[in-house]
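Structure at a glance
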Amino acid sequence: MDSVQSAPAIGDVVYHRIFDAIVEHNLAPGTQITEQALAEKLNVSKTPVREALLRLRQQGLVEPSGKRGYRVVLLSAEALRATMEIREALEIHIAVCAAERANNAQKDRILTAARASLAAAEAGNCDAFHVQDREFHAAIAAAVGNVAMDEQIARCTILIHTVVDQELLPDGDEMVHCAKRHVRIAEAIRSLCQPGFEGCL
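Residues numbered from 1 in each chain as written. Predicted model: local features only at pLDDT ≥ 70, side-chain atom pairs only at ≥ 80, totals over all residues. Heavy atoms only, no water.

**Overview of helix 6 (residues 104-122)**
The first and last C-alpha atoms of helix 6 sit 27 Å apart over 19 residues, in line with the 27 Å expected at 1.5 Å per residue. Those residues of helix 6 not exposed but buried are K107, I110, L111, A113, A114, S117, L118, A120 and A121. Among the residues of helix 6, the N-terminal cap falls to N103, whose side-chain oxygen and the backbone nitrogen of A105 are separated by 3.1 Å. Directly beyond the C-terminal end of helix 6, a positive phi value near 75 degrees is found at G124. (Helix = DSSP H or I, 4+ residues; strand = E, 2+ residues; numbered from the N terminus. Expected span 1.5 Å × (residues − 1). Buried < 20%, exposed > 50% of the residue type's maximum accessible area, 1.4 Å probe, protein only. Polar contact = N/O pair within 3.5 Å; in protein donor to acceptor, adjacent residues only side chain to side chain.)

What follows is the structure in structure tokens.
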């Protein structure tokens, strides 16, 4: 009985399979997808696929295309820039909260991730940079404990990473600049910089 109760629902399994395919670029930005094709590929009915696509649409990862189809979101340079600016504004606020609420272990996790992202950026390792970038944001969100804000930042981060193979992403120099900024944020959080936090960035 317990094993049956703990088994993930088919809808969640289908959602995570499609989500992973999008984020890992097995379904590249701009790819046309349909309920029928995904259902056949995943060997499930169309109902859990339909539910998964609705969730993904709410997250901004897919968008309607044609009468019954979808496509993986293909961000323009303008849309990508807007998403990054939204995430940056949220980051500043949540970093202030982290400086006030995080314990020493949480602050260490934030700083470790920031420094690792910088090392990866300086080495030109884009994949490692993005792994550590996600860890940095996750560590801050965990320290703050604001689920709604965490979800908004995660949504922006996921949207940005869905276009990681596009030429719209920052180049190596900008990646290093971003990582250095994260280190400054982490160091400010670690030193409990609070009023006037923006001046520490």
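**What about the packing of helix 6 against helix 7 (residues 126-144)?**
Packing of helix 6 against helix 7 leaves a shortest axis separation of 8 Å and a crossing angle of 160 degrees. The angle between helix 6 and helix 7 falls in the class roughly antiparallel. Between helix 6 and helix 7 lies a crossing of left-handed hand. For the pair helix 6 and helix 7, the contacting residues are Q106, R109, I110, A113, A114, A116, S117, A120 and A121 in the first and A128, F129, Q132, D133, E135, F136, A138, A139, I140, A142 and A143 in the second. Across the contact of helix 6 with helix 7, the residue classes tally to 14 nonpolar, 3 polar and 3 charged. (Axes fitted to C-alpha atoms, helices over the stretch in contact; angles between N-to-C directions. Parallel < 35°, antiparallel > 145°, perpendicular 65-115°, else oblique. Left-handed = near helix turned anticlockwise from the far one by under 90°. Contact = heavy atoms within 4.5 Å. Nonpolar A, V, L, I, M, F, W, Y, C, P; charged D, E, K, R; others polar.)

**Overview of the environment of T47**
Take T47: it is sitting in helix 4 (residues 46-58). Residue classification places T47 among the partly exposed residues on the basis of a relative accessible area of 41%. When the C-alpha positions of T47 and Q36 are compared, they lie 9.9 Å apart, and in sequence the two are 11 residues distant.

**Topic: the sheet that holds strand 1 (residues 32-33)**
Spatial strand order, 1-3-2: 3 strands in an open sheet with antiparallel pairing. Because the sheet does not close on itself, it has two edges, and the strands there are strand 1 and strand 2 (62-65). In the sheet, strand 2 pairs with strand 3 (residues 69-72) via 4 bridges, with the strands oriented antiparallel. Within the sheet, the bridge partner assigned to P64 lies in strand 3 and is Y70. (Pairing = 2+ DSSP bridges.)

**Observations regarding the side chain of S117**
Within the secondary structure, S117 sits in helix 6. Taking relative accessible area as the criterion, S117 reaches 1% and is therefore assigned buried. Apart from residues lying up to four places away in sequence, S117 is in contact with F129, Q132, D133 and A179.

**Thoughts on the packing of helix 7 against helix 9 (residues 172-190)**
Where helix 7 contacts helix 9, the axes come no closer than 12 Å and their chain directions differ by 25 degrees. Here helix 9 runs roughly parallel to helix 7, going by the angle between their axes. For the element pair helix 7 and helix 9, the recorded crossing hand is left-handed. The residues of helix 9 that touch helix 7, namely those facing C126, F129, D133, F136, H137 and I140, are M175, C178, A179, H182, I185, A186 and I189. When grouped by side-chain class, the residues that make up the contact of helix 7 with helix 9 number 10 nonpolar, 2 polar and 1 charged.

**Quick look at the packing of aromatic side chains**
Evaluated as defined, the whole model comprises 1 aromatic pair. Ring centres of Y15 and F19 lie 5.8 Å apart, and the angle between their planes is 35 degrees; this geometry places the pair in the tilted category. Remark: F19 and Y15 occur in helix 2 (residues 10-23); sequence separation between them is 4 residues, near one turn of the helix. One cation-aromatic arrangement involves R55 over Y15; the distance from NZ or CZ to the ring centre is 3.8 Å. (Phe/Tyr/Trp six-rings, centres within 6.5 Å; stacked < 30°, edge-to-face > 60°. Lys NZ or Arg CZ within 6 Å of the ring centre and 35° of its normal.)

**Overview of the confidence of the model for the protein chain**
In this model, the protein chain carries a mean pLDDT of 81, and residues with pLDDT of at least 70 account for 85%. Low pLDDT, under 50, characterises residues 1-7; the predicted model gives this stretch 0 contacts beyond four residues in sequence or across chains. Per-residue pLDDT stays below 50 along residues 193-201; that stretch engages in 19 contacts with residues further than four places along the chain or on separate chains. (pLDDT = per-residue confidence, 0-100.)

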